[in-house]
Amino acid sequence: NAGVTQTPKFQVLKTGQSMTLQCAQDMNHEYMSWYRQDPGMGLRLIHYSVGAGITDQGEVPNGYNVSRSTTEDFPLRLLSAAPSQTSVYFCASSYRSPEANYGYTFGSGTRLTVV
Amino acid sequence: AQRVTQPEKLLSVFKGAPVELKCNYSYSGSPELFWYVQYSRQRLQLLLRHISRESIKGFTADLNKGETSFHLKKPFAQEEDSAMYYCAGLSGGYNKLIFGAGTRLAVHP
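Let us look at the structure shown here. Treat the numbers as computed from the prediction; the structure is a model and nothing was measured.

## Some words on the overall build of chain B
At step 1: The helix and strand tally for chain B stands at 0 helices and 11 strands.
At step 2: Ordering the α and β elements of chain B from the N terminus gives β-β-β-β-β-β-β-β-β-β-β.
At step 3: For 109 residues, the compact-globule formula gives about 13 Å, and the C-alpha radius of gyration of chain B, at 13 Å, lands near that figure.
At step 4: Counting only C-alpha atoms and orienting by the principal axes, one finds that chain B spans roughly 45 × 30 × 25 Å.
At step 5: Sorting the 109 residues of chain B into buried and exposed places 46% on the buried side.
At step 6: Taken together, the 14 basic and 9 acidic charged side chains of chain B have centroids lying 7 Å from each other.

Shown next, in the form of structure tokens:
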């Protein structure tokens, strides 16, 4: 049972490049989310999904796309990287409520630098 | 809008001193609140959830609906408690988890 797995762990991009951050979970969780973590701002929700084929925007969705074709995978795509997207990105998953009251499980994060 | 607020960016205490990390919430209906901890450069870990009223690593948190607070407390801080602490709440029927800005706890010897 690997939990939530994120790849890559580190990435450096040039402004304007695109890339996909991968997230996979093996716990059969319905809910999956992407967050970015910035100093002094905590974790901000980018996009989330309540099940395969269903996604919605969070607090800071601009510049990011997601899709959820399977229960296990929830990739995050940066369309045209900008320095403002330099951050640490966390993926998380959870059961549907009320089991979700046990909280979300987080991946180990991807540290992205855009130059 | 549903919101979780952590007013302190940094809390610095000496080993053995009591600790209280503040969290206030703005929610309609009954909130579902959590405390997460992040040790240096590690993933976030669930520390407490308000529905269970449990004590983890000596930490407790009580939901105070009158003051709309969910403060995290520990009677005697240890150096290994040094970490970032995040208060978070579930938002709406889709279980979106919304975080506060976090408080860094530094416990000095």
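Further notes follow.
## A look at the overall build of chain A
At step 1: Along chain A, the regular secondary structure elements total 0 helices and 11 strands.
At step 2: Mapped in sequence order, the helices and strands of chain A form the string β-β-β-β-β-β-β-β-β-β-β.
At step 3: Principal-axis analysis of the C-alpha atoms places the extent of chain A at approximately 40 × 30 × 25 Å.
At step 4: Expressed as a percentage of the 115 residues in chain A, the buried residues total 49%.
At step 5: Surface accessibility of chain A: about 5,100 Å² in total, with carbon and sulfur atoms responsible for 51%.
At step 6: In chain A, the 8 positive side-chain charges and the 8 negative ones have mean positions that sit 12 Å from each other.

## Some thoughts on the layout of surface pockets
At step 1: In this structure, the largest pocket occupies an estimated 690 Å³ of space.
At step 2: The wall of the largest pocket is formed by 29 residues, among which A:Q37, A:V88, A:R111, B:Q38 and B:R41 lie closest to the centre.
At step 3: Secondary-structure elements contributing two or more residues to the lining of the largest pocket are β4 (31–38), β9 (87–94) and β11 (110–114) of chain A together with β9 (83–91) of chain B.
At step 4: Residues belonging to the lining of the largest pocket are distributed by class as follows: 11 nonpolar, 12 polar and 6 charged.

## Structural notes on the environment of B:E54
Residues and elements named next belong to chain B.
At step 1: Its place among the elements puts E54 in the loop between β6 (45–49) and β7 (60–61).
At step 2: By relative accessible area, E54 is classed as partly exposed at 27%.
At step 3: Among residues more than four places away in sequence, those in contact with E54 are L48, R49, F59 and T60.

## Some points on the side chain of B:K74
At step 1: Its location among the elements puts B:K74 in strand β8 (residues 72–74).
At step 2: A polar side-chain atom of B:K74 sits 2.8 Å from a polar atom in the side chain of B:D81.

## A look at the pairing of β11(A)
For a regular strand, the rule is simple: side chains alternate between the two faces of the sheet.
Residues and elements named next belong to chain A.
At step 1: Side-chain alternation along β11 places T110, L112 and V114 on a buried face and R111 and T113 on a face that remains uncovered.
At step 2: As paired elements, strand β2 (residues 10–13) and β11 share 4 bridges and run parallel to each other. Looking across to β11, one finds that L13 is bridged to V114.
At step 3: Looking at chain direction, β9 and β11 are connected through 3 bridges and run antiparallel. In the strand pairing of β11, Y89 is matched with T110.

## Examining the interface of chain A and chain B
At step 1: Opposite the 25 residues of chain A that make contact, chain B presents 22 residues.
At step 2: At the junction of chain A with chain B, the criterion picks out 0 salt bridges.
At step 3: Elements with a contribution of two residues or more to the side of chain A that touches chain B: β4 and β5 (42–51) of chain A.
At step 4: When residues of the side of chain A that touches chain B are assigned to their parent elements, the largest contribution, 5 residues, is made by β5(A).

About the thresholds
Residues numbered from 1 in each chain as written. Chains lettered and ligands numbered in written order. Predicted model: local features only at pLDDT ≥ 70, side-chain atom pairs only at ≥ 80, totals over all residues. Heavy atoms only, no water. Helix = DSSP H or I, 4+ residues; strand = E, 2+ residues; numbered from the N terminus. Rg over C-alpha atoms; globule rule 2.2 N^0.38 Å. Buried < 20%, exposed > 50% of the residue type's maximum accessible area, 1.4 Å probe, protein only. Lys, Arg positive; Asp, Glu negative; His and termini not counted. Charge placed at Lys NZ, Arg CZ, Asp CG, Glu CD. Areas by Shrake-Rupley, 256 points an atom, 1.4 Å probe, with all protein chains shown as cover. 1 Å grid on protein atoms, 1.4 Å probe; cavity = no way out; pocket = protein on both sides within 12 Å on 5 of 7 lines; lining within 4 Å. Points joined across faces, edges and corners; volume = space filled by probe spheres on them. Nonpolar A, V, L, I, M, F, W, Y, C, P; charged D, E, K, R; others polar. Contact = heavy atoms within 4.5 Å. Polar contact = N/O pair within 3.5 Å; in protein donor to acceptor, adjacent residues only side chain to side chain. Pairing = 2+ DSSP bridges. Salt bridge = Lys/Arg side-chain N within 4 Å of Asp/Glu carboxyl O.

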